[in-house]
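Observations on the model geometry
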Number of protein chains: 2
Amino acid sequence: MSKILTIGEILVEIIATERGNGFRAPVSLIGPFPSGAPAIFIDQVGKLGQDCAIISRVGDDDFGHLNVDRLRADNVDVSGIDIVPQGTTGSAFVRYREDGSRAFVFNIRHSACGTIELTGNAARLAEECTHLHVMGTSLYAPSVVDSILAAIRIIKSKGGTVSFDPNLRPEILNAPGMREALKAVIAQTDLFLPSGAELYLFTEATDEKDAVKELLATGIKAVVVKQGSVGATYFDQTRTLTSPGFAVEEVDPTGAGDCFGAAFVTFWLNGAEPEQALLYANACGARAVTKAGPMEGASTRAELDAFLVSQKV
Amino acid sequence: MSKILTIGEILVEIIATERGNGFRAPVSLIGPFPSGAPAIFIDQVGKLGQDCAIISRVGDDDFGHLNVDRLRADNVDVSGIDIVPQGTTGSAFVRYREDGSRAFVFNIRHSACGTIELTGNAARLAEECTHLHVMGTSLYAPSVVDSILAAIRIIKSKGGTVSFDPNLRPEILNAPGMREALKAVIAQTDLFLPSGAELYLFTEATDEKDAVKELLATGIKAVVVKQGSVGATYFDQTRTLTSPGFAVEEVDPTGAGDCFGAAFVTFWLNGAEPEQALLYANACGARAVTKAGPMEGASTRAELDAFLVSQKV
């Protein structure tokens, strides 16, 4: 029986309700929403009924408890979340600009989740789980990078697998040590889930076909290129499969890629054909964008099945 | 020519627009507002045209720049604010409960202002200023306490003075080292500005008269007991003066005590009679509560004069 682990940031997200540029004057906001890319991912995995856990840290404040309560309610094993008495829970303020891009103010590195260590319950979970999902956003602090690399070693030594979503934002790519950490993770990756141009992060190639070939030659078993509402393409040594996205009314795209990845990894680990994994992953991403809040659009299997029926699939 | 210095937290404040208990579900919010008790105090001092400065740290993010821009615009010397490249600016989420009390989620100790040091421009300002105002809320981290105690020694050695507003909230009183730091500051205080029951923090007495007598016997020159909308009472070795508050429509009481203190200290340092200092301080506190946002209700001298005319004083 597989159990999926992730390690990284748990945050609250505060969303500006009006579009505009940044946070240099008071604006109308809504929050706190439970958030953090690995937290959104693992919440969606738990909602699908898959055994799963997260290793992270939060403060002993309303923001921390909001997150732990949500993850527990959605069937995520929260025993690896340390509640740090004098710590603060991470946060992200998000404002959409007129052009659809996003302005952020982050508090991650100096929050409780900046000091994750693979000790205690966290170490036990690394022994217990059979698959690790790594988010590029989680490579923000040396202790977290060390914990992720140690968990990869433990899980791989037992024959387990690793999936990797670079999930990069420009603010993050230039953080100290980030590029080295990304390279260490890709070298151990079985299932690679880049969005668009992230496909070229670790290759010399300039077109999709060559980039995929290069990646698969390094030992990666499968590559899934996410293209948002357009859909996604799956590649392995023998197959290339494209699955179109679904047309839905977009309310808030944040978290959609994390939900897509959660569904794909869950189906893939459970032996589904790539066609089926892609179909459910696209459905999961589509449902995610229809709700405001990063984790609010996560789906159960029943909700995905109903959605697919409604889309006449 | 006097110059007033303060040392401590600069924050953004995010305010829930609906009353209720805490932040365990998404609510409607407004912010960021520039905030932090010493920042509100010194902003009001600057608005009154008094030479003044603050020593603090913020992150290199919109929240930090929002604060620095506001303080600079209101004539505060901001050369002692370090902008920490990888730091985050402190924050406070505030929600009013149905009974009027407040629920907070703070990020102070692990934010940029948790690492204030009396070096560089900060050390220069401590040499240059003639008065230090200490907020009890600013005794939240060892480095800040050390900086405040060092600044007290420098300013006192040149014949300068110290004012002290305990400004305590239950969340803060039990922070590690807080009680010891409070005692070290009160021992060097010239002008003490407690709110209500804070008068009894450092005394054995159980009634106001005895508590004031005890405090004045330790070398404190004057005590001003703040009672919010009811007004305030001034005590020194020879006088007791009570000044009633002003009836105004309260929108947001946060910051009113800080503005009151700023006006009192400014008038007191400039040789005003205590009657006049109390009158302007009460006017300043009254105007502060009529605006949403901790620093938004700060007043210029002209605005206070116009307010006093409108109140037929």
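The sections below set out a description of the structure shown in this document. (Residues numbered from 1 in each chain as written. Chains lettered and ligands numbered in written order. Predicted model: local features only at pLDDT ≥ 70, side-chain atom pairs only at ≥ 80, totals over all residues. Heavy atoms only, no water.)

Details of the overall build of chain A
Stated precisely, the cut-off is as follows: Secondary structure counts use DSSP, requiring at least four H or I residues in a row for a helix and at least two E residues in a row for a strand, with both numbered from the N terminus. Our radius of gyration is a C-alpha quantity, and the globule rule it is checked against amounts to 2.2 Å times the number of residues to the power 0.38. Whether a residue is buried, partly exposed or exposed follows from its accessible area with a 1.4 Å probe, protein chains only, as a fraction of its type maximum: under 20%, in between, or over 50%, in that order. Pairs of residues are marked as contacts when any of their non-hydrogen atoms sit within 4.5 Å. Residue exposure ignores everything except the shown protein chains as possible cover, and the areas themselves are Shrake-Rupley values with a 1.4 Å probe. Charged residues are defined narrowly, with Lys and Arg counted positive, Asp and Glu counted negative, and His plus the chain ends left uncounted. Charge coordinates come from a single atom per side chain, which is NZ of Lys, CZ of Arg, CG of Asp or CD of Glu.
Of regular secondary structure, chain A possesses ten helices and 13 strands. For 313 residues, the compact-globule formula gives about 20 Å, and the C-alpha radius of gyration of chain A, at 18 Å, lands near that figure. The 313 residues of chain A split such that 60% are buried. Taking all contacts inside chain A whose residues are at least 6 apart in sequence as the whole, residues at least 24 apart take part in 72%. About 12000 Å² of surface is accessible on chain A, with carbon and sulfur atoms providing 51% of the total. Looking at chain A, you have 27 positive and 38 negative side-chain charges, and the mean spots of the two groups are 1 Å apart.

Remarks on helix H7 (residues 208-217) of chain A
All names here are of chain A. Test applied: Throughout, the arc means the angular range of directions from the helix axis out to the C-beta atoms.
Within the span of H7, buried status applies to Ala-211, Val-212, Leu-215 and Leu-216. Each buried residue of H7 sits inside an arc of 130 degrees when the element is viewed along its axis, so together they form one side. Turned more than 90 degrees away from the buried face of H7 sit Lys-209, Lys-213 and Ala-217, all of them exposed. Buried residues in H7 make contact with strand E10 (191-192), strand E11 (222-226) and strand E12 (231-235). Looking at the residues trailing H7, positive phi occurs at Gly-219, about 110 degrees.

Notes on the packing of aromatic side chains
The condition is simple: Pairing of aromatic rings covers Phe, Tyr and Trp, the last through its six-membered ring, and needs centres within 6.5 Å; plane angles under 30 degrees mean stacked, over 60 mean edge-to-face, and all others mean tilted.
For the structure shown, the criterion picks out 21 aromatic pairs over all chains. Ring centres of A:Tyr234 and A:Phe264 lie 6.1 Å apart, and the angle between their planes is 35 degrees; on these two criteria the pair is classed as tilted. Of this pair, A:Tyr234 sits in strand E12 while A:Phe264 sits in helix H8 (residues 256-269), and the two are 30 residues apart along the sequence. For A:Tyr234, a relative accessible area of 4% puts it in the buried group. Here the aromatic rings of B:Phe164 and B:Phe192 are separated by 5.9 Å at their centres, their planes lie at 35 degrees, and the arrangement is tilted. Of the two residues, B:Phe164 is situated in strand E9 (residues 161-165) and B:Phe192 in strand E10 (residues 191-192); the sequence distance between them amounts to 28 residues. Across this residue pair, the class does not change: B:Phe164 and B:Phe192 are buried. Chaining the aromatic ring pairs together yields one cluster made of A:Phe23, A:Phe63, A:Phe93, B:Phe23, B:Phe63 and B:Phe93.

Quick word on the pattern of salt bridges
How we decide: A pairing counts as a salt bridge when a side-chain nitrogen of Lys or Arg comes within 4 Å of a carboxyl oxygen of Asp or Glu.
The final tally for this structure, using the stated rule, is 30 salt bridges over all chains. Residue A:Arg24 is joined to B:Asp69 by a salt bridge in which the shortest nitrogen-to-oxygen separation is 3.9 Å. Of this pair, A:Arg24 sits in the loop between strand E2 (11-16) and strand E3 (27-35) while B:Asp69 sits in helix H2 (residues 62-73), each in a different chain. For B:Asp69, a relative accessible area of 35% puts it in the partly exposed group. Here B:Asp190 ties to B:Lys221 by a salt bridge, and the two come within 2.4 Å at their closest N and O atoms. With a gap of 31 residues between them, B:Asp190 in the loop between helix H6 (178-186) and E10 and B:Lys221 in the loop between helix H7 (208-217) and strand E11 (222-226) connect regions that are remote in the sequence. A relative accessible area of 45% means that B:Lys221 is categorised as partly exposed.

A look at the sheet that holds strand E7 (residues 102-107) of chain B
What counts here: Criterion used throughout: strands pair if DSSP finds at least two bridges between them. Structural elements are reduced to axes, namely lines fitted to C-alpha atoms, with helices fitted over the stretch in contact, and the angle between N-to-C directions of any two is expressed from 0 to 180 degrees.
Taken in spatial order, the eight strands of this open sheet run E7(A)-E6(A)-E2(A)-E3(A)-E3(B)-E2(B)-E6(B)-E7(B), and their pairing is mixed. With one partner strand each, in any of the chains shown, strand E7 (102-107) of chain A together with E7 of chain B form the two edges of the open sheet. Taking the axes of each pair of neighbouring strands and ignoring which way they run, one obtains an average angle of 25 degrees across the sheet. Here strand E2 (residues 11-16) of chain B runs beside strand E6 (residues 90-96) of chain B; their pairing, made up of five bridges, is parallel.

Observations regarding the interface of chain A and chain B
As a reminder of what qualifies: Throughout, the accessible surface (probe 1.4 Å) given up by two parts as they are put together, summed over both, is called the buried area. Here a polar contact is taken to be a pair of N or O atoms separated by no more than 3.5 Å, where protein atoms must pair a possible hydrogen donor with a possible acceptor and residues adjacent in sequence count only if both atoms sit in side chains. Here the nonpolar group is Ala, Val, Leu, Ile, Met, Phe, Trp, Tyr, Cys and Pro; Asp, Glu, Lys and Arg are the charged ones; every other residue, Gly included, is treated as polar.
With 29 residues of chain A in contact, the opposing surface of chain B contributes 29 residues. The contact between chain A and chain B buries some 2600 Å² in all, and 59% of this surface belongs to carbon and sulfur atoms. The largest share of the area that chain A buries against chain B comes from A:Arg24, A:Asp62 and A:His110, three residues that together contribute 23% of it. In this structure, the connection of chain A to chain B is made through four salt bridges. On the surface where chain A and chain B come into contact, there are eleven residue pairs in polar contact (both at pLDDT 80 or more). Broken down by element, the side of chain A that touches chain B gets its largest block of residues, seven residues, from E3(A). Partitioned by chemical class, the residues of the side of chain A that touches chain B number 15 nonpolar, nine polar and five charged.

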